[in-house]
Amino acid sequence: MFARISYAFRETIASFRRNVTLSAAAILTSAVSLLLVGTTFLIQRAFDNLLVQWRGDVGMIVFVRPDVSEEQLSFIKQTLEAQPNVINVEKLDYLDRAASFEEAKRVFAGDRTTLSLLSVETIPSQFKVVPVTTDPTLVRGLADQYRNLPGVQGVALAEDEFEVISTMSDFVRSVTITMSLILLGVAVTLIWNTIRTAMVARRNEIEVMKLVGATNWFIRIPFILEGLIQGIFGAIVSCGGLWVLNRAWTSGVAGFKAGTGVSSLVVPGSYVSGVMIILLVVGALAGSIGSGIAASKFLDV
Amino acid sequence: MIRFENVTKMYGNDVAAIREASFDVPKGEFVFLVGPSGSGKSTLLRLMNRQERPERGTVWVAGANINELADSRVPYLRRGMGNVFQDYKLLLNKTVFENVAFSLQVIGRPKHVIRQQVPQVLELVGLADKEDRLPSQLSGGEQQRVSIARAFVNRPLILLADEPTGNLDPGTGEEIMSLLDAINRTGTTVVMATHDHRVVNAMRRRVIQLDRGVVVRDQERGVYE
């Protein structure tokens, strides 16, 4: 068993050396496509940060003063629930101060100044309102009405703040996902072609191996390992690229003034680490699938 | 050891490479397959090592019906066979030792077995002093001896040789035939396809003659004709 494992590794390394140019091309293509996949995740997360308050078709947020009394709070709730023609009462959601503070941590992820001014005690709680009507004037009229209720600190409308960003987010997501899928396909094809070339170059050796009784798996494994390593190397390069990209992005965003909302676009390091793990898994899968198909298809060279 | 029962092998729908071939090769026999180019000699060898399957009839090798042998079992069948080719099929980037060791490596033999068996077989073929040479540094006869060493190192039950003297001068061809004869005397069944009437006539072993895929002669101690 040890002899077979060491043979497989030696052959993988030797084949890698023989096809340096093709292997490098496969690694770079994998790296570029995986970097795009990773960037898609980061862009999505950045937009999610901006839109986290408005998730679930929320069209209006009624902010409630931190010092609101129980009576005032229940009056606001009753007033909202009294408008079933404009508001989806079943989806009416109340975020208390603790929940609102957790949400604020994401909204102001890159704006430490604003974040430092907030606390569970000082942050307003909020009602998330999902409108049932598509008529924006009705919602706007209702918002003006709620602004004057006792205990209400303010009312924000999705239409005013994030309509454009939401549309842009959808567009950017579609484009980046499509491009990364195409590039991932290109990477798998290139890995497939590298392995095919390696197998054709070694057809005499493969023929001899088969005639002396090597099993198909024994012949295949070094080639599959080669593809797997190409995929993983590509993923490692893309992880490095993603780290550099995110650092540049974070420091760029930090240049904006506090309170402009741009600070929400900062993606935390823990999320980036998670994306890197996904890239490593996707890279390994792309490499082994591409090489596995080639190693099976071209065994009769 | 090998039995063909009414075997027909077609290439395409209407070209029969082998037609209704039937014969037995007992253990330890030396058999020549003779006939002109395209008569089906190489196809017979390819049927024996399961590079091809017959359309009709049955091929038995070492007790296994190779028509019914699962693909996953074919490597194990081949471990009991050695193959020698006219063009040697040596790996040009490996030394003599490595070429012979290769056939043991790929079937997972441990290093100590390889270190023990390869020098023994190189001694047998007379290349003990050339184990570090590359194939390009050897003559044609020496390259064929490496090929025979690689085929025999695993002590196979059967050795299939396809025109092993085809690229060699008569003197070197005789040396190769002596080697195959010595291997046959160890109990290995040898089946050799050849055009070379000199070696057939000199050895006077069993001859199976083919003409357009048909066995036209099967003679003990035969000559080429």
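Quick notes on the rules
- Numbers given for residues are sequential positions, taken from 1 along each chain in its written order.
- In the order they appear in the text, chains get letters beginning with A and ligands get numbers beginning with 1.
- Restriction of local features to residues with pLDDT of at least 70 applies here, the model being predicted, together with a cutoff of 80 or more for giving and counting side-chain atom pairs; totals for whole chains, interfaces and linings are based on all residues.
- Side-chain numbers here rest on the full set of heavy atoms in the structure, without hydrogens or water.
- Put simply, DSSP H or I for four residues or longer makes a helix, DSSP E for two residues or longer makes a strand, and each gets a number counted from the N terminus.
- Relative accessibility decides the category of a residue: with a 1.4 Å probe and only protein chains considered, values under 20% of the type maximum give buried, values over 50% give exposed, and everything between is partly exposed.
- Here, Shrake-Rupley sampling with a 1.4 Å probe gives the accessible areas, and only protein chains in the shown set may cover a residue.
- Strand pairing is assigned whenever DSSP identifies at least 2 bridges connecting the two strands.
- Axis geometry follows a simple rule: fit a line to the C-alpha atoms, using only the stretch in contact for helices, then measure angles between N-to-C directions, giving values from 0 to 180 degrees.
- We call two directions roughly parallel when the angle between them is under 35 degrees, roughly antiparallel when it is over 145, roughly perpendicular when it lies between 65 and 115, and oblique otherwise.
- In this scheme the handedness of a crossing depends on how the near helix is turned from the far one: anticlockwise by less than a right angle means left-handed, clockwise means right-handed.
- Contacts are assigned to residue pairs with any non-hydrogen atoms lying within 4.5 Å of each other.
- Each residue gets one label: Ala, Val, Leu, Ile, Met, Phe, Trp, Tyr, Cys and Pro are nonpolar, Asp, Glu, Lys and Arg are charged, and the others, such as Gly, are polar.
- Ring pairs shown here join Phe, Tyr and Trp side chains whose ring centres sit within 6.5 Å, with only the six-membered ring taken for Trp; geometry is labelled stacked below 30 degrees between planes, edge-to-face above 60, and tilted in between.
- Charge-over-ring contacts are defined here by two conditions on Lys NZ or Arg CZ: a distance within 6 Å of the ring centre and an angle within 35 degrees of the ring normal.
- In the sections that follow, a salt bridge refers to a side-chain nitrogen of Lys or Arg positioned within 4 Å of a carboxyl oxygen of Asp or Glu.
- Scored from 0 to 100, pLDDT reflects the predictor's confidence in each residue.
- Buried area adds together the accessible area that both of two parts lose upon being put together, with accessible area traced by a 1.4 Å probe.
- The term polar contact refers here to a pair of N or O atoms within 3.5 Å; inside protein, the definition further demands a hydrogen-donor-capable atom paired with an acceptor-capable atom, and it admits residues adjacent in sequence only when both atoms are side-chain atoms.

A. Highlighting the overall build of chain A. Assigned secondary structure in chain A consists of 11 helices and four strands. Looking at chain A residue by residue over its 301 residues, the buried ones come to 46%. Summed over its atoms, the accessible surface of chain A is roughly 15000 Å², and 65% of this surface lies on carbon and sulfur atoms.

B. The pairing of strand β1 (residues 2–11) of chain B, seen in detail. All names here are of chain B. Bridge count between β1 and strand β4 (residues 56–61): five bridges; the pairing is antiparallel. Considered in β4, the bridge of F4 is made with V59. In this sheet, strand β2 (residues 15–25) lies alongside β1 in antiparallel orientation, the contact comprising seven bridges. Within β2, the residue paired with V7 across the bridge is A21. In this antiparallel pair of consecutive strands, β1 and β2, the connection spans three residues, and G12 shows a positive phi of 75°.

C. Here's a closer look at the packing of helix α3 (residues 96–105) of chain B against helix α5 (residues 140–152) of chain B. All names here are of chain B. In contact at an axis separation of 8 Å, α3 and α5 are set at 30° when each is read in the N-to-C sense. Comparing the axis directions of α3 and α5 gives the class roughly parallel. You can see that α3 and α5 cross each other, and the crossing is right-handed. Contact residues: V96, N99, V100 and S103 in α3; V146, A149 and R150 in α5. Residues belonging to the contact of α3 with α5 are distributed by class as follows: four nonpolar, two polar and one charged.

D. Quick look at the packing of aromatic side chains. Considering all chains together, one arrives at three aromatic pairs over all chains under this definition. Judged by centre distance (4.8 Å) and plane angle (45°), the rings of Y94(A) and F127(A) are tilted. Linking Y94(A) in strand β2 (residues 93–95) with F127(A) in strand β3 (residues 125–129), this pair joins segments that are 33 residues apart in sequence. Residue classification places Y94(A) among the partly exposed residues on the basis of a relative accessible area of 32%. Judged by its relative accessible area of 1%, F127(A) is buried. Centroid distance F30(B) to F32(B): 5.1 Å. Interplanar angle 55°. Geometry classified as tilted. Just as F30(B) is buried, F32(B) falls in that class too. Across from the ring centre of W217(A), 4.7 Å away, lies the NZ or CZ of R220(A), which sits over that ring.

E. Representation of the packing of α5(B) against helix α6 (residues 170–185) of chain B in the model. Residues and elements named next belong to chain B. Two elements in contact, α5 and α6, have axes separated by 10 Å at closest approach and are oriented at 15°. With respect to α6, the axis of α5 lies roughly parallel. Once α5 is placed against α6, the crossing between them reads as right-handed. Touching G141, Q144, R145, I148 and F152 of α5 are T172, E175, I176, L179, L180 and I183, all from α6.

F. Structural context of the pattern of salt bridges. Residue and element names in this part refer to chain B. Applying the stated rule across the entire model yields 23 salt bridges over all chains. A salt bridge links K9 to E52; its shortest N-O distance comes to 3.5 Å. Note that K9 is positioned in strand β1 and E52 in the loop between α1 (41–48) and β4, a separation of 43 residues in sequence. Here K9 falls in the buried class, since its relative accessible area comes to 7%. Looking at E52, the relative accessible area reads 16%, which means it is buried. Salt bridges sharing common partners tie together K9, R46, E52 and E55.

G. Representation of the pairing of strand β6 (residues 81–85) of chain B within the structure. Residue and element names in this part refer to chain B. For β6, the buried fraction is high: five of the five residues fall into the buried class. Taking every second residue as pointing to the same face, both faces of β6 are buried, with M81, N83 and F85 on one and G82 and V84 on the other. When β6 meets strand β7 (residues 158–162), the two strands line up parallel, connected through five bridges. Considered in β7, the bridge of N83 is made with L160.

H. Quick look at the confidence of the model for chain A. For chain A, per-residue confidence averages 82 on the pLDDT scale, and 91% of positions sit at 70 or higher. Across chain A, the secondary-structure element scoring lowest on mean pLDDT is helix α7 (residues 158–161) of chain A, at 70, and the one scoring highest is helix α11 (residues 269–297) of chain A, at 90.

I. Summary view of the interface of chain B and chain A. Counting from both sides, the interface comprises 20 residues of chain B and, opposite them, 18 residues of chain A. Both faces combined, the contact of chain B with chain A buries some 1700 Å², and carbon together with sulfur accounts for 59% of it. Considering only the side of chain B, the residues that lose the most area to chain A are R78(B), F102(B) and V106(B), jointly responsible for 28% of the buried surface there. The interface formed by chain B and chain A contains one salt bridge. Where chain B touches chain A, the interface holds two residue pairs in polar contact (both at pLDDT 80 or more). If you list the elements that add at least two residues to the side of chain B that touches chain A, you get α2 (74–78), β6 and α3 of chain B.

J. A look at unusual backbone geometry. A positive phi angle, close to 60°, is found at R50(B), a residue other than glycine. On the secondary structure map, R50(B) appears in the loop between α1 and β4.

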